[in-house]
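# Close look at the chain arrangement
So you can see what is in the structure, the chains are spelled out below.
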Amino acid sequence: MADICPARSEPTLSFTQGLILGQLSVVLLLAAFIKFFIFGDAPSPEVVASIRATDRRSRTLAHKKSILGLRETNALQLVQNPALNKKHVLRPGPPTLTIGSILNKTYYKVDSHQPESLDWFNVLIAQTIAQFRSDAQHDDAILSSLSKALNGTARPDFLDEIKVTELSLGEDFPIFSNCRIIPVDEDGLSFGTGKAFDANMATREGARLQARMDVDLSDMITLAVETKLLLNYPKRLSAVLPVALAVSVVRFSGTLSISFIPSNPSNNEPAKMIFTFLDDYRLDFSIRSLLGSRSRLQDVPKIAQLVESRLHRWFDERCVEPRFQEIALPNMWPRKKNTRGGDETISDVERSMSKAKGVDIAKDVREEARKEIEAEAHGGADRVPDSLRYRHRPRAEDEFPGAGSMPGSMPGSMP
């Protein structure tokens, strides 16, 4: 009996139909990507600021909880280990000048003192910023520094040289206000938030005073750059995409925290000033972008979101609590190496000029100084003739003047 071959099932779609279906699916995916990723509407600034503030606040609270948990662990170890407890008890007492005594001597009541306006401080800061802007107009140092920073070793291979095309340092000034003094512990946490301040709580090691002030700036500080995206696959410079980007800071408001840490001579640590911003700040940007050379894409929303997110992350990782910036302060006592003027000024003049000319000028200066001293000495002699230094014994002719020294003759004199 002959074998009966089963009938093969014919494909429902031909090769051409499958190819067309695959191409359509790719086109739909690309269209969806372009529509929702590149040209999608960005969320409102208020929503983005609220989300970021919530994330920062949760990070700060988690940091505080970890610190408090670590303190409870250390306290439990002190109770369980008497030797460790004895070592902490026998450590040197607090310094004579504590936070409580500083507040009492300066008549500052933490619970009742009104915040200060800082108007005088705003004027000084405005003058400093105005001078900085004026120097930048006549000097290319800031442009050179920015170019070196942007084209440093951290620049990736797919980016061409970055050129600064616009730099604006703004026209307005930051306004500081509502300054208040808050005692904090060694970890930067306030003593009993919502409770009356107790000076005895601030006597432990590491406690310090912290100045908090509100900062508000509404300006247009702009940095614009242009570069090229390089596609080096499958071969070098397979494609080049010009990119222009301008980033402007239009608004910043937040709370600045400044505190002073005393020096520690035993560990050779200088005095330090630390500053940080609280997590309730608001930082708004205006970002403009331009992609392509012929057919250009302008102000792509996703590019603005990526750049703004990267700038916020950079700021958070450097100077938003619990992170802070630390500045070492110089020793304020007078030192010989910091002295200026006097003979050192003449020596500096001699070194700055040529050898022969410097020596001649130094001789003239010394000769003029010698003449002034002699003139002062002669003037003193004329003013004080009866002083011990200029007193002399009278001569005989001064006491008994002879004939002819005065009109007429004295009685009993010889004719």
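Relevant structure appears above.
Anyway, here's the lowdown on the structure attached to this text. Since we're looking at a predicted model, the values are computed, not measured.

### A closer look at the environment of S117
Relative to the assigned elements, S117 resides in the loop between α4 (99-105) and α5 (119-137). Measuring from C-alpha to C-alpha, the distance between S117 and S177 comes to 4.7 Å, with 60 residues separating the pair along the chain. Beyond its immediate sequence surroundings of up to four residues, S117 is in contact with N122, F176 and S177.

### Quick notes on α5
Along its 19 residues, α5 runs 27 Å from first to last C-alpha, staying within 8% of the 27 Å computed at 1.5 Å per residue. What α5 keeps buried is the set N122, A126 and R133. The arc that holds every buried residue of α5, seen down its axis, measures 35°, which confines them to one face. Projecting away from the buried face of α5 at angles above 90 degrees are the exposed residues W120 and T128. On its buried side, α5 packs onto β2 (175-184) and β3 (208-231).

### Here we look at the side chain of K272
Looking at the secondary structure, you find K272 in strand β5 (residues 272-277). One polar contact links K272 to E326, side chain to side chain, over a distance of 3.4 Å. In this structure, K272 is in contact with S259, F260, I261, E326, I327, A328 and L329, ignoring residues within four places of it in sequence.

### What about the packing of aromatic side chains?
Applying the stated criterion to the full structure yields seven aromatic pairs. Aromatic pair F252 and F277: ring centres 5.4 Å apart, planes at 85°, arrangement edge-to-face. You can see F252 sitting in strand β4 (residues 239-261) and its partner F277 sitting in strand β5, a full 25 residues away along the chain. Among the residues examined, F252 registers a relative accessible area of 11% and is labelled buried.

### Remarks on the nonpolar core
Judged by nonpolar contacts, the single largest core of 19 residues is most densely connected at M213 and F315. Going through the elements one at a time, β2, β3, β4, β6 (282-291) and α7 (301-319) are the ones with two or more residues in this core. In terms of residue count, the dominant contributor to this core is α7 (four residues).

### Side note on the pattern of salt bridges
Evaluation of the coordinates by the stated rule reveals five salt bridges. A salt bridge links D214 to R180; the shortest N-O distance between them is 3.3 Å. With D214 in strand β3 and R180 in strand β2, this residue pair connects regions lying 34 residues apart in the sequence. According to the relative accessible area criterion, D214 is partly exposed, its value standing at 23%. For R180, a relative accessible area of 22% corresponds to the partly exposed category. Here K272 ties to E326 by a salt bridge, and the two come within 3.4 Å at their closest N and O atoms. Of this pair, K272 sits in strand β5 while E326 sits in strand β8 (residues 325-328); the two residues are 54 residues apart in sequence, bridging distant segments of the chain. Residue class for E326 comes out partly exposed when judged on its relative accessible area of 45%.

Calculation notes
Residues numbered from 1 in each chain as written. Predicted model: local features only at pLDDT ≥ 70, side-chain atom pairs only at ≥ 80, totals over all residues. Heavy atoms only, no water. Helix = DSSP H or I, 4+ residues; strand = E, 2+ residues; numbered from the N terminus. Contact = heavy atoms within 4.5 Å. Expected span 1.5 Å × (residues − 1). Buried < 20%, exposed > 50% of the residue type's maximum accessible area, 1.4 Å probe, protein only. Arc of directions from axis to C-beta. Polar contact = N/O pair within 3.5 Å; in protein donor to acceptor, adjacent residues only side chain to side chain. Phe/Tyr/Trp six-rings, centres within 6.5 Å; stacked < 30°, edge-to-face > 60°. Core = buried A, V, L, I, M, F, W, Y, C linked by side-chain atoms within 4.5 Å. Salt bridge = Lys/Arg side-chain N within 4 Å of Asp/Glu carboxyl O.

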